[in-house]
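Chain by chain, the residues run as shown.
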Amino acid sequence: LMELTHYPKLDEDVFRAKLPNGLTVALVRRKGFSKKLAYFVTDYGSIHTEFDFEGNHYVAPAGVAHYLEHKMFDLPGQRDVSAEFAAMGAMTNAFTSYDMTAYYFSCTDNFEKCLKLLLEFVSTPYFTEESVEKERGIIDQEIGMNLDSPDTAVFENMVTALYHNHPIRTPILGTEESIRQITAELLHTCHRAFYTPQNMLLCVMGDVDCGEVCCIARSVLGDEPAEGAIKTPFPEETMTCPEQVCQTSMDIPMPTFYLGFKCPPVPMGEAGIRQEVIGDLATEVLLGEASELYLQLYEEGLIDSSFGGGFEVSDGCALLTCGGDSDDAVAVRDAILAQAQKIVRQGVDTQEFLRLKRSAMGRRIRDLDSFSSTCFRLCAYACSDFDYFDFPSVYETVKPEDVRQFLCEHIRPDNCAISVIYPIKEETYES
């Protein structure tokens, strides 16, 4: 059954259907556009390593979801999926995040053929021990590049300092040790467990017909539902941090840092996105480019144009973060803590809050012009049981007091961790 939902506040229409096999299909119609984009997403990311499936309990090594993403581009008969897309004038790619894996293509012509190929290769597990072993070397190189990347290292060190038990502590790619435990049999098991239609979403954007998309999906995937995995709940986390300062050195021109404030996990559904919106607005009020603190830190030379922040949400965790280059990252942290307390005491200025809220809403609305951003957000929020196109109504409910309360509860020294990378041989200082 296909349903059309109109969103008057955005002047958008979205077609949705639930297929007999359990797959959700969403289509954002863009009449007259030649570009077409399709995302095929599974609610399975790097942090979902422990699960029950077919009567067995599994604890998979770190990096399986990403390894599986790499191997899905192999098809029997030595077919080259990327080359087949390119021959049709399409671009294809994939990514693995902490809590989902996405495969996508964009094209102007041959949409039906491209969609069939997308659904075919993502639903066809083809792994041999020889090909899995060959891929290990490629992923080893990726892990090595990440270890050598200051931007990646400073963020991952911060997350490790923030969390005691949550699997977000482990890099999405896994480690050199963990990927050596991955076998073809394990990849087959994880594909059967998580790449089931009812655990997946097909999102399409462009001038295409939803009925045709559904027919193609049924012809490739069939109508029979399949048993999927039951994810194990994440270990409980206190709001304290195992470390408050993490310091290391790399070959960089000046010190760089990432600061994180550990927040409670957001719930599913509308309550979850409301908490995310509050976190986003709290970040803007506290340290956005238009804030009092940003100007102060910039004038004092403690930050430069590389500085920025945001509210990050993954399955089972949430954190307010900021980072950039600075010669005195600890002074930046202390200034942020002091400014948060000042805002808590004085309250959030109503006019400034309304301006920031309108600006944040405007950015989200402008993002709807981006096919990739829209499909990504629709998929990501669908995994959290929220209709992303309802975001204007959520913004309307958020008040200045919500932001003040957020800063009061979550911007504190005891749930804060800072990761700093210094240039090699430069003296470090203690907090």
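Report on the accompanying structure.

The rules behind these values
- Residues numbered from 1 in each chain as written.
- Predicted model: local features only at pLDDT ≥ 70, side-chain atom pairs only at ≥ 80, totals over all residues.
- Heavy atoms only, no water.
- Helix = DSSP H or I, 4+ residues; strand = E, 2+ residues; numbered from the N terminus.
- Buried < 20%, exposed > 50% of the residue type's maximum accessible area, 1.4 Å probe, protein only.
- Contact = heavy atoms within 4.5 Å.
- Areas by Shrake-Rupley, 256 points an atom, 1.4 Å probe, with all protein chains shown as cover.
- Lys, Arg positive; Asp, Glu negative; His and termini not counted.
- Charge placed at Lys NZ, Arg CZ, Asp CG, Glu CD.
- Phe/Tyr/Trp six-rings, centres within 6.5 Å; stacked < 30°, edge-to-face > 60°.
- Lys NZ or Arg CZ within 6 Å of the ring centre and 35° of its normal.
- Salt bridge = Lys/Arg side-chain N within 4 Å of Asp/Glu carboxyl O.
- Disulfide = S-S within 2.5 Å.

Looking at the overall build of the protein chain
Here is step 1: Looking only at helices and strands, the protein chain features 14 helices and 17 strands.
Here is step 2: Along the first, second and third principal axes, the C-alpha set of the protein chain runs to 60 × 50 × 40 Å.
Here is step 3: Out of the 431 residues in the protein chain, the part that is buried amounts to 51%.
Here is step 4: In the protein chain, once contacts between residues fewer than 6 apart in sequence are set aside, the share between residues at least 24 apart is 81%.
Here is step 5: For the protein chain, the computed accessible surface area is about 19,100 Å², with 50% contributed by carbon and sulfur atoms.
Here is step 6: In the protein chain, which carries 35 positive and 68 negative side-chain charges, the distance between the mean positions of the two groups comes to 6 Å.

A closer look at the packing of aromatic side chains
Here is step 1: Enumeration over the complete set of coordinates arrives at 27 aromatic pairs.
Here is step 2: The ring centre of phenylalanine 391 lies 6.0 Å from the NZ or CZ of arginine 364, which sits over that ring.

Topic: unusual backbone geometry
Here is step 1: Although it is not a glycine, glutamate 54 adopts a positive phi angle of roughly 55°.
Here is step 2: Checked against the element boundaries, glutamate 54 lands in the loop between strand 5 (50–53) and strand 6 (56–59).
Here is step 3: Looking at glutamate 54, the relative accessible area reads 41%, which means it is partly exposed.
Here is step 4: Unlike most non-glycine residues, glutamine 78 shows phi in positive territory, near 55°.
Here is step 5: Within the secondary structure, glutamine 78 sits in the loop between strand 7 (74–75) and strand 8 (79–80).

Quick look at the pattern of salt bridges
Here is step 1: Taken as a whole, this structure holds 22 salt bridges when the rule is applied.
Here is step 2: When salt bridges with common partners are traced through the structure, they connect Lys71, Asp74 and Glu135 into a single cluster.

A look at the environment of glycine 347
Here is step 1: Here glycine 347 is to be found in the loop between helix 10 (329–346) and helix 11 (350–367).
Here is step 2: In the structure, glycine 347 is positioned 225 residues away from valine 122 in sequence and 50 Å away in space, judged by C-alpha atoms.

Describing the state of the cysteines
Here is step 1: Taken as a whole, this structure holds zero disulfides when the rule is applied.
Here is step 2: The thiol of cysteine 215 is unpaired, and the distance to the nearest cysteine sulfur, on cysteine 214, comes to 7.1 Å.
Here is step 3: For cysteine 215, a relative accessible area of 54% puts it in the exposed group.

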